[in-house]
Amino acid sequence: MLVEFQQALADLVASPDFCRQVRLSPPLLHERYVLSEREHERLVKIVNHKAMALNCMLYRANRLAPLAMNLHEFCTLLGPRLGPLLSEYAVLYPNTNVHFYLECDRFCKFVLTKLSDGYELEREARVVLEKEHSRIQLGLMASYTAL
Amino acid sequence: MRDRRPLVGLLNNPVVPSVIRYAPDLVEYVDVIPDRLWYDFEHGEAIGGRFHRVTGAIEELSECARGRVLGGHGIGLSLPSALPIDMEMVEATAALARQLNFQWYSEHLSMFLVSNGSVPNSQAGLGLPVSYDDETFEIIRGKLEVLKKFLRCDLLLENGAVFTPVPDTEMSEADFLNRLYSEAGCGTLLDLHNLYVGKRNGVLSPLEYLEQINPESVQEIHLAGGHELAGFYTDSHSGLTPDEVWEWAYHFSPRFRNLRAVVFEFHESYFEKLGLKGIAGELERMHALAEAVTSATVQHGAMV
């Protein structure tokens, strides 16, 4: 089914780990999706295409873009900790929200939940998170009432 | 000799008004992305309807539009997706098209929506490749009929930047676009830089593609620049148009007798790098191209 083929392609682009699994075991696609043989063969060829890595990189870059634009200082302060946080966030919320303020508000709340669960962050980063989250919430509030 | 000179323009983004103020005579046309002029609360609670317009940006654009032609260039409808068309978005697009007086409207021949959500495109940075088969053709044709009814203007579809083409399709991309033109009345927005991306990454031959595309179908051309990432070349809209793309533009554009506009795309995050002078210089080159295309006659496919 085309709709399943398209979903599988999107899921692969969103997950390098899933790509690796399918490369090792192509029948996995049949287990998860309703696919014709032609669709299955196409997906296996695509996932083995050298540029599949680029698709995955662009997916990740595009998930990062709204956060880097609107939570710039916080992302900078996170440094190398940003990558693992983004991976965890993308798995928990596989769908992007095209409304960037909603996407950023969701990411801030995700980090705040992690903090309350014991994730450690220095005071400076917590202050910046609070400041940038407030700004996002103000923007979000304004967009709620825009006509 | 063609009866009209193609317009020269830019893809709208938040810094385009400042380019227009800097070089008002060089910008005749603006491609407007409706998705950037509203907040979409499809996945969030809002007061009132789903789409909340960014009124400041629309007012600024309306100011810029005086004496210029506007067209729509959408992302969110994702026509190749095997899903029903998003009627709320169609209606919102049609309302904006009426307000801003879009002369024509284009979408991407790429997939951004799937049944379980969306692929983040950050203004089309990532569109998934399309299966050029009868099944997809019928899906797109049906949606084009709906769009035509609501928008009441000419529709175009743009070739995307493809990194991993769907293998063994029933048609080539150029044939698919030709069929959309002949059977569905949908024109082609030919993105020459996307062909360059395909060439650089070894997935298509631009010259074969340009020979194959029906020249009558091409109504708009996009120019842009990209950059390398991890050994690949991307359509990042980060630079000026590469020389090879200019060569194709000069060689093939005289064949496109229905060409209405030539558009330069840049992303606002690279504005500082490109600079006002750099963008104005690109627009001047595009005017020279438009002049050359208008005065050229075509004999046996060659410009003389």
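Now for a look at the structure at hand. (Residues numbered from 1 in each chain as written. Chains lettered and ligands numbered in written order. Predicted model: local features only at pLDDT ≥ 70, side-chain atom pairs only at ≥ 80, totals over all residues. Heavy atoms only, no water.)

## Some words on the environment of Gly79(A)
All names here are of chain A. Relative to the assigned elements, Gly79 resides in the loop between helix H6 (72-78) and helix H7 (82-92). The class of Gly79 is partly exposed, set by a relative accessible area of 32%. Residues Gly79 and Ala61, spaced 18 residues apart in sequence, show a C-alpha to C-alpha distance of 15 Å. (Helix = DSSP H or I, 4+ residues; strand = E, 2+ residues; numbered from the N terminus. Buried < 20%, exposed > 50% of the residue type's maximum accessible area, 1.4 Å probe, protein only.)

## As for the pairing of strand S14 (residues 261-264) of chain B
Residues and elements named next belong to chain B. The alternating pattern of S14 places Ala261 and Val263 on one face and Val262 and Phe264 on the opposite face, and all of these are buried. Looking at chain direction, strand S11 (residues 218-223) and S14 are connected through four bridges and run parallel. Paired with Glu220 across the two strands is Ala261, which belongs to S14. (Pairing = 2+ DSSP bridges.)

## Re unusual backbone geometry
All names here are of chain B. Even without a glycine there, the phi angle at Asn101 is positive, about 55°. Among the secondary structure elements, Asn101 is positioned in the loop between helix H3 (87-100) and strand S6 (102-108). Look at Asn101 and you get partly exposed, because its relative accessible area is 49%. With phi around 55°, His237 is a residue other than glycine that occupies positive phi space. Mapped onto the elements of the fold, His237 is located in the loop between strand S13 (232-234) and helix H8 (243-252). Residue classification places His237 among the buried positions, given a relative accessible area of 10%.

## What to know about the interface of chain B and chain A
Each partner contributes residues to the interface: chain B has 49 residues there, and chain A has 37 residues. Counting the surface lost from both chain B and chain A, the interface buries some 3800 Å², and carbon and sulfur atoms represent 64% of this. Counting the contacts that link chain B with chain A gives four salt bridges. With a closest N to O distance of 2.9 Å, Glu170(B) and Arg38(A) form a salt bridge. For the pair chain B and chain A, the interface holds nine residue pairs in polar contact (both at pLDDT 80 or more). Breaking the side of chain B that touches chain A down by element, the ones donating at least two residues are strand S3 (38-40), strand S4 (51-53), strand S8 (117-118), helix H4 (134-151) and S13 of chain B. Among the residues making up the side of chain B that touches chain A, the classes are represented as 24 nonpolar, 18 polar and seven charged. (Contact = heavy atoms within 4.5 Å. Buried area = accessible area lost by both parts, 1.4 Å probe. Salt bridge = Lys/Arg side-chain N within 4 Å of Asp/Glu carboxyl O. Polar contact = N/O pair within 3.5 Å; in protein donor to acceptor, adjacent residues only side chain to side chain. Nonpolar A, V, L, I, M, F, W, Y, C, P; charged D, E, K, R; others polar.)

## Some details on the pairing of strand S5 (residues 69-73) of chain B
Residues and elements named next belong to chain B. Counting buried positions along S5 gives four out of five residues, so the element sits mostly inside the fold. As paired elements, strand S2 (residues 29-32) and S5 share four bridges and run parallel to each other. Considered in S5, the bridge of Val30 is made with Leu70. Across three bridges, S5 lies against S6 in parallel orientation. For Gly72, the partnering residue across the bridge sits in S6 and is Tyr105.

## Thoughts on the sheet that holds S6(B)
The strand order around the closed barrel built from eight strands is S1-S2-S5-S6-S9-S10-S11-S14 (chain B), with neighbouring strands paired in parallel fashion. Within the sheet, the average angular offset between the axes of one strand and its neighbour, ignoring direction, is 30°. (Axes fitted to C-alpha atoms, helices over the stretch in contact; angles between N-to-C directions.)

## A few points about the packing of aromatic side chains
Inspection of every chain in the model, using the stated rule, returns 14 aromatic pairs over all chains. Relative to Phe271(B), the ring of Phe266(B) has its centre 6.3 Å away and its plane inclined at 25°; by these criteria the two rings are stacked. Side by side, Phe266(B) and Phe271(B) carry an identical accessibility label, which is buried. Aromatic ring contacts, followed pair by pair, group Tyr89(A), Tyr93(A), Phe107(A) and Phe110(A) into a single cluster. The lysine or arginine in question, Arg179(B), covers the ring of Phe137(B), its NZ or CZ lying 4.0 Å from the ring centre. (Phe/Tyr/Trp six-rings, centres within 6.5 Å; stacked < 30°, edge-to-face > 60°. Lys NZ or Arg CZ within 6 Å of the ring centre and 35° of its normal.)

## Topic: the environment of Leu223(B)
All names here are of chain B. Summarising the element assignment, Leu223 is placed in strand S11. Relative accessible area serves as the criterion here: at 0%, Leu223 is assigned to the buried category. In sequence terms Leu223 and His237 are 14 residues apart; their C-alpha atoms lie 9.1 Å from each other. Apart from the residues within four sequence positions on either side, Leu223 is in contact with Leu192, Thr241, Val245, Trp246, Val262, Val263, Phe264, Glu265 and Met286.

## Overview of the pattern of salt bridges
All names here are of chain B. Applying the stated criterion to the full structure yields 27 salt bridges over all chains. In this structure, Glu268 engages Arg36 in a salt bridge whose closest nitrogen and oxygen atoms are separated by 2.5 Å. You can see Glu268 sitting in the loop between S14 and helix H9 (271-295) and its partner Arg36 sitting in the loop between S2 and S3, a full 232 residues away along the chain. Given the relative accessible area of 25%, Arg36 is considered partly exposed. Where Glu183 meets Arg141, a salt bridge forms, and the shortest distance between an N and an O atom there is 3.7 Å.

The quantities given are spatial measurements derived from coordinates; they are silent on function.
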